[in-house]
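If you want the building blocks of each chain, they are given just below.
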Amino acid sequence: MCLFFVFLIIYISSVVGNIAIVYLVYSHLMFHAPMYFFLSNLSAIDLLYASDIAPKMLEGLYFGKTSISYYCCAIQLFIFCALGSTECMLFAVMAYDRYVAICNPLSYNLIMRQRMCLGLMLGVYTAGFLHSLIEICCTFHLSFCASNVLHHFVCDFPQLLSISCTDTTLNERILLIFSSSVTVPSIMVILGSYLSIFISILKIKVPEGRKKAYSTCASHIIAVTLLYSSVLYVYLSPKSPSSRDNVNMATVFYTVVLPMLNPLIYSLRNKDIKLAI
């Protein structure tokens, strides 16, 4: 019951915080800018992301019901993978937006036009959901007869592959290739953008200007670090029975806790959002 109330508070905070961000962005003209447009999409993704995982977890903690049907598992995993992939790429888009704002401020309004922003978001959502669809089709094409027990609190690819009685070598390669095609380019864009940003900041001679530039990027850097560090630990750490609990805790962090933290990270470091709230 203690865990139930802890995660219930986290989930409610996540729902309230992300809905508040979306509402503020779309109801205040001062937030009708590319940076806040991407932030509202991040909040919408986090809201759906947490709602895909937390309710089932809370049901298990309160009622002790730890079973899930075959089709519900497939639906949960599809949403989980699609939104996770989309969020990883969205962080890259947000890093590019900050790069243009700081390194090419005079061309910012010309480059980050509404059409450009909508095109970037459409591309991110399309790639994320297409990636998830391919992975789901490949995974649920397998036969699951080795066991019906997932040592996890959510349906995820590694756990599903571990209980399949079919040869999963091809699936593991597909999972590695497509996951890498999402994360590696995103990481490269983020690193490249911030390398250029830091070089530009060092050229700013006015201390106040440097401080403002750092402040603009700080929230995004914190959120990116928290997400990628936990995701990479879950999927790249050596798999062993002793590490299972650590992997589960890391998964809880980026699926349930991080969607609650993102609105706090962005709102507490943004004077305009604090004023609007």
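Reading the values: the criteria
- Residues numbered from 1 in each chain as written.
- Predicted model: local features only at pLDDT ≥ 70, side-chain atom pairs only at ≥ 80, totals over all residues.
- Heavy atoms only, no water.
- UniProt positions renumbered as here; feature names shortened; annotations may be inferred.
- Helix = DSSP H or I, 4+ residues; strand = E, 2+ residues; numbered from the N terminus.
- Rg over C-alpha atoms; globule rule 2.2 N^0.38 Å.
- Contact = heavy atoms within 4.5 Å.
- Areas by Shrake-Rupley, 256 points an atom, 1.4 Å probe, with all protein chains shown as cover.
- Lys, Arg positive; Asp, Glu negative; His and termini not counted.
- Charge placed at Lys NZ, Arg CZ, Asp CG, Glu CD.
- Core = buried A, V, L, I, M, F, W, Y, C linked by side-chain atoms within 4.5 Å.
- Buried < 20%, exposed > 50% of the residue type's maximum accessible area, 1.4 Å probe, protein only.
- Axes fitted to C-alpha atoms, helices over the stretch in contact; angles between N-to-C directions.
- Parallel < 35°, antiparallel > 145°, perpendicular 65-115°, else oblique.
- Nonpolar A, V, L, I, M, F, W, Y, C, P; charged D, E, K, R; others polar.
- Disulfide = S-S within 2.5 Å.
- Expected span 1.5 Å × (residues − 1).
- Salt bridge = Lys/Arg side-chain N within 4 Å of Asp/Glu carboxyl O.

Under an unreviewed UniProt entry, the name given to the chain is G-protein coupled receptors family 1 profile domain-containing protein, and the organism recorded is Engystomops pustulosus. Per UniProt, the comment on the chain under Subcellular location (unreviewed entry) is "Membrane".

K.L.:
Explain the overall build of the chain here, please?
P.N.:
What the chain contains, in helices and strands, is 10 helices and zero strands. The order of helices and strands in the chain, counted from the N terminus, is α-α-α-α-α-α-α-α-α-α. A compact globule built from 277 residues would reach a C-alpha radius of gyration of about 19 Å, and the chain, at 20 Å, matches this within 12%. By its C-alpha atoms, the chain is 65 × 40 × 35 Å across when sized along the principal axes. At a minimum sequence separation of 6, the contacts of the chain that also span at least 24 residues come to 72%. Element-wise, carbon and sulfur atoms account for 70% of the exposed surface of the chain, whose accessible area totals about 14700 Å². On the chain, the mean spot of the 16 positive side-chain charges and the mean spot of the 12 negative ones are 14 Å from each other.

K.L.:
Just to check I follow, could you spell out the nonpolar core for this structure?
P.N.:
Formed by 73 residues in total, the largest nonpolar core has its most connected members in Phe 38, Leu 77, Leu 90, Phe 91, Ile 190 and Tyr 254. Taken together, the elements giving at least two residues each to this core come down to α1 (2–27), α2 (34–63), α3 (70–103), α5 (114–139), α6 (157–162), α7 (169–203), α8 (207–236) and α9 (244–268). Top element by residues in this core is α3. It accounts for 16 residues. With sequence-adjacent residues up to four places away left out, Tyr 254 is seen in contact with Tyr 49, Phe 80, Leu 227, Ser 230, Val 231, Val 234, Tyr 235 and Pro 259.

K.L.:
Quick question: what am I supposed to make of the packing of α5 against α7 here?
P.N.:
Packed helices, taken two at a time, are described by their axes: the angle between them and the distance between them. Direction vectors running N to C along α5 and α7 enclose 170 degrees, while the axes themselves pass 10 Å from each other. On the basis of their axis angle, the class for α5 and α7 is roughly antiparallel. Contact residues: α5 offers His 131, Ile 134, Glu 135, Cys 138 and Thr 139, while α7 offers Asn 171, Ile 174, Leu 175, Phe 178, Ser 179 and Val 182. Per-class residue counts for the contact of α5 with α7 are six nonpolar, four polar and one charged.

K.L.:
Would you take a moment to explain the state of the cysteines for this structure?
P.N.:
Throughout this description, disulfide means a covalent bond between two cysteine sulfur atoms. By the definition in use, this model includes two disulfides. At a sulfur-sulfur separation of 2.1 Å, the disulfide partner of Cys 73 is Cys 155. Torsion about the S-S bond of the Cys 73 and Cys 155 cystine: about -130 degrees, corresponding to left-handed handedness. Of this pair, Cys 73 sits in helix α3 while Cys 155 sits in the loop between α5 and α6; the two residues are 82 residues apart in sequence, bridging distant segments of the chain. Accessibility assignment for this pair places Cys 73 and Cys 155 in one class, buried. The side chain of Cys 145 participates in a disulfide bridge whose partner is Cys 165; the two sulfur atoms lie 1.8 Å from each other. Classification of the bridge connecting Cys 145 and Cys 165 rests on its S-S torsion, roughly 115 degrees, and on that basis the disulfide is right-handed. Of the two residues, Cys 145 is situated in the loop between α5 and α6 and Cys 165 in the loop between α6 and α7; the sequence distance between them amounts to 20 residues. Each disulfide of the chain joins two cysteines, and with those cysteines numbered along the sequence the arrangement is 1-3, 2-4.

K.L.:
Hey, could you run me through the UniProt feature "transmembrane region" (unreviewed entry) in the chain in this one?
P.N.:
In this numbering, the UniProt entry assigns the feature "transmembrane region" (unreviewed entry) to residues 6–26, 74–96, 117–142, 174–201, 213–235 and 247–268. In residues 213–235, helix accounts for 100% and strand for 0%; the two terminal C-alpha atoms are 33 Å from one another.

K.L.:
Got a minute to help me understand α1 in this structure?
P.N.:
Given 3.6 residues per helical turn, the α-helix brings residues three or four places apart onto the same face. Spanning 26 residues, α1 covers 37 Å between terminal C-alpha atoms, matching the ideal 38 Å at 1.5 Å per step. Turning to α1, its buried residues are Phe 4, Phe 7, Ile 10, Tyr 11, Ser 14, Gly 17, Asn 18, Ile 21, Leu 24 and Val 25. Against α2, α9 and α10 (271–276) lie the buried residues of α1.

K.L.:
It is not clear to me how the pattern of salt bridges should be interpreted in this structure. Could you clarify?
P.N.:
One pass over the structure, following the stated rule, counts three salt bridges. A salt bridge links Glu 59 to Lys 56, with the shortest nitrogen-to-oxygen separation between them at 3.2 Å. One end of the pair is Glu 59 and the other is Lys 56, both in helix α2 and three residues apart, which spans about a single turn. The partner of Lys 65 in a salt bridge is Glu 59, with the nearest N and O atoms 3.7 Å apart. Residue classification places Glu 59 among the partly exposed residues on the basis of a relative accessible area of 24%. Three or more residues joined by partner-sharing salt bridges are found here, namely Lys 56, Glu 59 and Lys 65.

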